[in-house]
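Summary of structural features
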Amino acid sequence: ANPGPLNVILLDSLNTPLQVQKIVTQALLAFLRTMPPGTRVAVLNLTYHLSILQGFTTDRDLLKAAILSKKNFPQLSPVEDAGQDLSHAEDSPCVEAEHMASRGQYTLVAIRQLARYLSGLPGRKNLIWFSGSFPLSAGCPGAASQTGIYDLTAEMHSAIDLLARAHVAIDAIDPRALDNQAPGTSSHQPIEDLTLGMMAEQTGGTLTYASNDLAGAVHSAIESGSNFYTLTYTPTN
């Protein structure tokens, strides 16, 4: 029998607000209670590097333990300096741009690493990515030169190419839900969702960004991934 695709749940602490991370944890526990038997799932966490909380398994108890482990404890993004002085209004946009650039670079490095790891596993893989995402570019308003300006578009396309070669589809879920004014959201959210949507579309996956049913979004991602097939061809000579 076809065991179905491999499913990787990526919990993105680097790009997801602290309070929203707690909501994601509860949503995943709800998903596990109704997870179809035989579903193969791994759980990873992203801070400034990737961590494997649980390798591929069909055991709900092991997955629950990984989601509730201390390694997955909600935390502030590691690139945010809680002690940094942003009292000077003219400096804060530049500092924010630097933070976004760091988050974007760490994220794309991790995605490329994950693509290379999954390329060694046969069949289709679903990357179910809980993330607040990141804008592809940002700058420091009023800068006299290109200093402080970054653009990660080329790096994003490189990561997408690696995912495609590894037969990985991104099913991205922005857990900040419906209210753009809710705690933990930002003025960059529409741009960030465009970035997630682009990566999902170009890998054959989907983007969920306006739903409070996060557990249902995971079910939908796994179900849709099970309906895809990988075609191969072996030359007769």
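Residues numbered from 1 in each chain as written. Predicted model: local features only at pLDDT ≥ 70, side-chain atom pairs only at ≥ 80, totals over all residues. Heavy atoms only, no water.

It is worth spelling out the overall build of the protein chain at this point. Within the protein chain one finds six helices and eight strands. Ordering the α and β elements of the protein chain from the N terminus gives β-α-β-β-α-α-β-β-β-α-β-α-β-α. With 237 residues in all, the protein chain has 45% of them scored as buried. As displayed, the protein chain offers around 12,200 Å² of accessible surface, 55% of which is attributable to carbon and sulfur atoms. (Helix = DSSP H or I, 4+ residues; strand = E, 2+ residues; numbered from the N terminus. Buried < 20%, exposed > 50% of the residue type's maximum accessible area, 1.4 Å probe, protein only. Areas by Shrake-Rupley, 256 points an atom, 1.4 Å probe, with all protein chains shown as cover.)

Pairing is mixed in the open sheet, where six strands are placed in the order 3-2-1-4-7-8. This sheet does not close on itself; its edge strands, each paired only once, are strand 3 (50–57) and strand 8 (207–208). Summarising the sheet, strand 4 (residues 125–130) and strand 7 (residues 168–173) pair through six bridges and their orientation is parallel. Across the sheet, F130 pairs through a bridge with I173, a residue of strand 7. (Pairing = 2+ DSSP bridges.)

For the structure shown, the criterion picks out two salt bridges. With a closest N to O distance of 2.8 Å, D174 and R176 form a salt bridge. Each member of the pair D174 and R176 is classed as buried. (Salt bridge = Lys/Arg side-chain N within 4 Å of Asp/Glu carboxyl O.)

L10, L108, I111, L127, W129, I170 and M199 are the most contacted members of the largest nonpolar core, which totals 33 residues. Counting residues per element, this core draws most heavily on helix 3 (residues 92–118), at nine residues. Apart from residues no more than four positions distant in its own chain, L127 is found in contact with V8, L10, I111, L114, V168, A169, I170 and D171. Core analysis: the second largest hydrophobic core is formed by 25 residues, L29, L63, I173 and A215 among them. (Core = buried A, V, L, I, M, F, W, Y, C linked by side-chain atoms within 4.5 Å. Contact = heavy atoms within 4.5 Å.)

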